[in-house]
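Now for the letters of each chain:
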Amino acid sequence: MAAASASLNTLCVNSIRFLAVDGVNKSKSGHPGLPMGCAPMAYALWDRVLSHNPKNPKWFNRDRFVLSAGHGCMLLYALLHLSGYDSVTIEDIKQFRQWGSRTPGHPETFETAGVEVTTGPLGAGIANAVGLAIAEAHLAAKFNRPDCNLVDHYTYVIMGDGCNQEGISSEACSLAGHLKLGKLIALYDDNHITIDGNTEVSFTEDVMKRYEAYGWHVQHVADGNTDVDGIQKAIEAAKAVTDRPSLIKVTTTIGYGSPNKSNTAGVHGAPLGEEEANLTREALGWEYGPFEIPQESYDHWRQAIDRGAAAEEAWNATLASYRNNYATEAALFERMLRGELPEGWEACLPTFSPEDKGLATRQYSQNCLNAIAPHLPELIGGSADLTHSNLTDIKGEKSFQKGAEANRYLHFGVREHAMAAILNGLAYHGSGLVPYGGTFLVFADYMRGSMRLSALSELGVIYVLTHDSIGVGEDGPTHQPVETIPSLRAIPNMLVFRPGDGNETSGAYKVAINNRHRPSVLALSRQAMANQANSAIDKVALGGYILEDCSGSPELILIGTGTELDLCVQAAKQLTADGRKVRVVSMPCVELFLEQSAAYQEEVLPNAIRKRIVVEAAESFGWHKFIGLDGDSVTMNRFGASAPGGTCMKEFGFTVENVVAKSKALLG
């Protein structure tokens, strides 16, 4: 492709700037500063380097682009529109930040085709990009052959000062350097401005030296405002470095072209206004009205359509050759791309009877992982430095490392938040990978931002979170997650499982793996529990079910989860011996139970039976919807304590005797 003239380059760059200026002005809200400053680097990347197909945003072998500084999303919307994506028309640009639009205030994968990851919380995007790069490296190692590069694409990021200040970016980029992810290239918008003003007030470190210490290749483009050629050369140089990820610091002026607001915090997150927009037009020689793009600019930008079609056609020929030469591998690859799981994979899930030795649910989880891993080659994951506590390892599976990227076990190190974001990146990649990650349940608080994004973006990430209650024992209240389970249940679109035995653990895995559009939390115990006579894998999908029942209508319903489920069963036996009619309901997943029909919910928890007790070693928050005003609970109303787990459970009332006593008091 012949290089565009300097004047055409300027026209194309300014097309980005003024779509951003006009979109934000019309919305009366938004962030024009970043798009105005980053337009040259975005143009250099999207016009000259990025391999993508505007008419097929989901083409597998496209390069992935992540706008980590998601507040500047008018930059991305302008790029999508100018390049010819059908998902962002000029009318969509005009509806920026409006109800029902495809141009929301931060990029959302589920709203806008061409948006690769949902960004906004700073630092999350670059961490997601590490997951995208891991996915590419893993699939390339798994499927590529000496005569056929089936998987071969890059992950590009635009990030800002704010992204680099967030701890999650440090966690993720440190790991990326260790793993030597050579196809990860980040452009750092070095504009020295944050909301509070010049970065000198809080951020004076040498970012390039930090990334060098991480093991990244670093470059600096001093004139990011106009030097499109220099930015392109830096990207090409980064691509030539295959044994390290790359950071390109591009020094820019936020709000470039605005006579009165550029290089100020005021242009970060507020419209220019009509008067300043007109002055900016004069300053940059832009002769066009609001939302008006010259045809010459469109004609150049939309060469991306033909380039993308040609790139996909060439890749389709590669895929056809791969099918002919490697039929078995091709069948697996294409099955994964379709998002299909192997038929009958669930048959390998272990089942248990009361005669089987009771184990902790973290051990049942390990049994599940090792049972399904040989049948699910798309399963990939690991732990945040707690492998032997979370029991997330897969027998015989080696660690994903540089030179061993085909391996499926990821050692995230002590980087919980980055782990969650990287798992999201693996899911965002769209290649059918099933990502899971483990840590202690209490450290969900470190991951919550990315867990929330898992739910918002409808990603089938599996969080294996062990040591789920005061039963942790001696580690004390810092490690006893009394409030964590209720808080996770409050996240929309999140499934929170607290299985009560081995069958329910298998059932939780069955639901979690089958559900590729909803994240799952598996809250798992450290201490052992009995296997119940009437539990079953398939009942978990109901969320709650009758585990033990009485003849006729019950006087009392005991509702239990996790290790406390057996307390309910044993208490019911004693109460039944005393002539009381008691039903025991297992509730491994509140969210799924609430999604069942009203008739089923009434069958399990009849409205007429108002005497109910919930038993769960966690805060009672949320259980009111089941126990109402007439029920009671055996739950936690304070932080835990440091003592042996059994002592903690006894002292805080999680005993059969206390459940029986509360039941009798309720029954009168």
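Residues numbered from 1 in each chain as written. Predicted model: local features only at pLDDT ≥ 70, side-chain atom pairs only at ≥ 80, totals over all residues. Heavy atoms only, no water.

A.B. asks: Would you mind showing me how to read the overall build of the protein chain here?
C.D. replies: Regarding its fold elements, the protein chain presents 25 helices and 20 strands. Relative to its length of 668 residues, the protein chain is compact, with a C-alpha radius of gyration of 28 Å against a globular reference of 26 Å. Along the first, second and third principal axes, the C-alpha atoms of the protein chain reach 90 × 60 × 45 Å. Taking all 668 residues of the protein chain together, 61% fall into the buried category. Restricting to contacts in the protein chain with at least 6 residues of sequence separation, those with at least 24 account for 77%. Here the protein chain contributes 56 positive and 76 negative side-chain charges, whose respective centroids are spaced 4 Å apart. (Helix = DSSP H or I, 4+ residues; strand = E, 2+ residues; numbered from the N terminus. Rg over C-alpha atoms; globule rule 2.2 N^0.38 Å. Buried < 20%, exposed > 50% of the residue type's maximum accessible area, 1.4 Å probe, protein only. Contact = heavy atoms within 4.5 Å. Lys, Arg positive; Asp, Glu negative; His and termini not counted. Charge placed at Lys NZ, Arg CZ, Asp CG, Glu CD.)

A.B. asks: Can you help me understand helix H1 (residues 6–27) in this one?
C.D. replies: An α-helical turn contains 3.6 residues, so a residue and the one three or four places further along point in the same direction. End to end, H1 covers 32 Å across 22 residues, agreeing with the expected 32 Å (1.5 Å per residue, within 8%). Most of H1 is tucked away, with 18 of its 22 residues classed as buried. Looking one or two residues past H1, Lys 28 carries a phi angle of roughly 65°, positive in sign. (Expected span 1.5 Å × (residues − 1).)

A.B. asks: Sorry, what's going on with the side chain of Ser 450 here?
C.D. replies: Within the secondary structure layout, Ser 450 lies in helix H17 (residues 444–456). The class of Ser 450 is buried, set by a relative accessible area of 1%. Look past the residues within four positions of Ser 450 in its chain and what remains in contact with it is Ile 168, His 417, Ala 420, Ala 421, Asn 424 and Tyr 463.

A.B. asks: Please explain the side chain of Asn 9 as it appears in this structure.
C.D. replies: With respect to the helices, strands and loops of the structure, Asn 9 is situated in helix H1. Setting aside residues no more than four positions away along its own chain, Asn 9 makes contact with Ala 4, Tyr 43 and Arg 48.

A.B. asks: So what exactly am I meant to see when it comes to the pairing of strand E7 (residues 246–251) here?
C.D. replies: The two faces of the sheet receive side chains in turn, since in a regular strand these alternate between them. Along E7, six of the six residues are buried, which leaves the element largely enclosed by surrounding structure. Relative to E7, strand E6 (residues 217–221) runs parallel, the two being bridged by five bridges. Bridged to Gln 219 within E7 is Ile 248. Once you follow E6 into helix H9 (residues 228–240) and on to E7, the crossover reads as right-handed. (Pairing = 2+ DSSP bridges. Right-handed = clockwise from strand over helix to strand, strands pointing away.)

A.B. asks: Is there a simple way to explain the nonpolar core in this structure?
C.D. replies: For soluble globular proteins, the rule of thumb is that nonpolar side chains tend to be buried together. Core analysis: the biggest nonpolar cluster contains 141 residues, and Ile 16, Trp 46 and Trp 216 have the highest contact counts within it. With twelve residues, the top contributor of residues to this core is helix H5 (residues 124–143). Both of domain 1 (6–306) and domain 2 (343–521) provide at least three residues apiece to this core. Ignoring anything within four residues of it in the chain, the contact list for Trp 216 reads Ile 126, Cys 173, Ala 176, Gly 177, Leu 184, Ala 186, Tyr 211, Arg 244, Pro 245, Ser 246 and Leu 247. (Core = buried A, V, L, I, M, F, W, Y, C linked by side-chain atoms within 4.5 Å. Domains from an automatic or database assignment.)

A.B. asks: It is not clear to me how the UniProt feature "active site" (unreviewed entry) in the protein chain should be interpreted in this structure. Could you clarify?
C.D. replies: According to UniProt, the feature "active site" (unreviewed entry) maps to Glu 416 in the numbering used here. Take Glu 416: it is sitting in helix H16 (residues 416–428). Classification of Glu 416 as buried rests on a relative accessible area of 8%. With near-sequence residues (within four places) excluded, Glu 416 lies in contact with Glu 171, Ala 384, Thr 439, Phe 443, Tyr 446 and Met 447. (UniProt positions renumbered as here; feature names shortened; annotations may be inferred.)

A.B. asks: Where do I start with the pairing of strand E2 (residues 155–160) in this structure?
C.D. replies: The buried fraction of E2 is high, at six of six residues. On E2, burial covers both faces: Thr 155, Val 157 and Met 159 on one face and Tyr 156, Ile 158 and Gly 160 on the other are all buried. Relative to E2, strand E1 (residues 64–67) runs parallel, the two sharing four bridges. Pairing of Val 66 across the sheet is with Val 157, part of E2.

A.B. asks: What is the right way to read the domain arrangement of the protein chain from this model?
C.D. replies: Reports often express the size of an interface as the amount of accessible area lost when the parts come together. For the protein chain, the assigned domains are domain 1 (6–306), domain 2 (343–521) and domain 3 (542–665). Each of domain 1 and domain 3 has a C-alpha centre, and these two points are 52 Å apart.

A.B. asks: When you look at the state of the cysteines in this model, what are you seeing that I'm missing?
C.D. replies: One way to say it: the disulfide is the covalent bond shared by the sulfur atoms of two cysteines. For the coordinates displayed, the defined rule picks out zero disulfides. Here Cys 73 is not disulfide-linked; the sulfur of Cys 38 is the nearest cysteine sulfur, at 13 Å. Take Cys 73: its relative accessible area is 0%, and that puts it in the buried class. (Disulfide = S-S within 2.5 Å.)

A.B. asks: Teacher, can you tell me more about unusual backbone geometry here?
C.D. replies: One can expect most non-glycine residues to show negative phi and most peptide bonds to be in trans. In this structure, His 192 takes a positive phi of about 65° despite not being glycine. With respect to the element layout, His 192 can be found in the loop between strand E3 (184–190) and strand E4 (193–194). For Phe 291, which is not a glycine, the phi torsion comes out positive at approximately 65°. Tracing the sequence through the fold places Phe 291 in the loop between helix H10 (274–284) and helix H11 (295–301).

A.B. asks: Would you take a moment to explain the UniProt feature "site: Important for catalytic activity" (unreviewed entry) in the protein chain for this structure?
C.D. replies: In this structure's numbering, the residues bearing the UniProt feature "site: Important for catalytic activity" (unreviewed entry) are His 31 and His 268. In sequence the annotated residues extend across 238 residues, while in space they remain close, none of their C-alpha pairs exceeding 5.4 Å. Here His 31 is to be found in the loop between H1 and helix H2 (33–48). His 31 sits in the buried class, given a relative accessible area of 14%. Those residues within four positions of His 31 in sequence are excluded, and the remaining contacts are Val 24, His 71, Gly 72, Arg 97, His 268 and Gly 269. Looking at His 31, its side chain comes within polar contact range of the main-chain oxygen of His 71, at 3.4 Å. Structurally, His 268 can be placed in the loop between E7 and H10. (Polar contact = N/O pair within 3.5 Å; in protein donor to acceptor, adjacent residues only side chain to side chain.)

A.B. asks: Sorry if this is basic, but what is going on with the pattern of salt bridges here?
C.D. replies: Oppositely charged side chains can form a pair if their charged atoms are brought close together. Tallied over the full model, the rule gives 26 salt bridges. With a closest N to O distance of 3.3 Å, Asp 578 and Lys 664 form a salt bridge. With a gap of 86 residues between them, Asp 578 in the loop between helix H20 (565–577) and strand E18 (582–586) and Lys 664 in helix H25 (residues 656–667) connect regions that are remote in the sequence. Of the residues examined, Asp 578 reaches a relative accessible area of 48% and is grouped as partly exposed. Between Asp 630 and Arg 610 there is a salt bridge, with the nearest N and O atoms lying 2.6 Å from each other. With Asp 630 in the loop between helix H23 (624–627) and strand E20 (632–636) and Arg 610 in the loop between helix H22 (598–604) and strand E19 (612–619), this pair connects stretches of sequence that are 20 residues apart. On the basis of relative accessibility, which here comes to 36%, the residue Asp 630 falls in the partly exposed class. A single salt-bridge network, built from bridges that share partners, covers Glu 136, Asp 152 and Lys 183. (Salt bridge = Lys/Arg side-chain N within 4 Å of Asp/Glu carboxyl O.)

A.B. asks: Can you walk me through H9 in this structure?
C.D. replies: In a regular helix each residue adds 1.5 Å, so 13 residues correspond to 18 Å; H9 covers 19 Å between its end C-alpha atoms and thus fits that length. Inspection of H9 places Val 228, Gly 230, Ile 231, Ala 234, Ile 235 and Ala 238 among the buried residues, and these make up the whole buried set. Taken end-on, H9 shows its buried residues confined to a sector of 165°, consistent with a single buried face. The exposed set on the far side of H9, more than 90 degrees from its buried face, consists of Lys 233 and Ala 240. Structurally, H9 contributes buried residues whose contacts are with H1, H2, E2, E3, E6 and E7. (Arc of directions from axis to C-beta.)

A.B. asks: Is there a simple way to explain the environment of Leu 426 in this structure?
C.D. replies: By secondary structure assignment, the location of Leu 426 is in helix H16. On the accessibility criterion, Leu 426 (0% relative accessible area) is buried. With 22 residues separating them in the primary sequence, Leu 426 and Ala 404 have C-alpha atoms 17 Å apart. Excluding residues within four positions of it along the chain, Leu 426 makes contact with Gly 131, Leu 132, Ile 134, Ala 135, Ile 380, Leu 410, Leu 433 and Pro 435.

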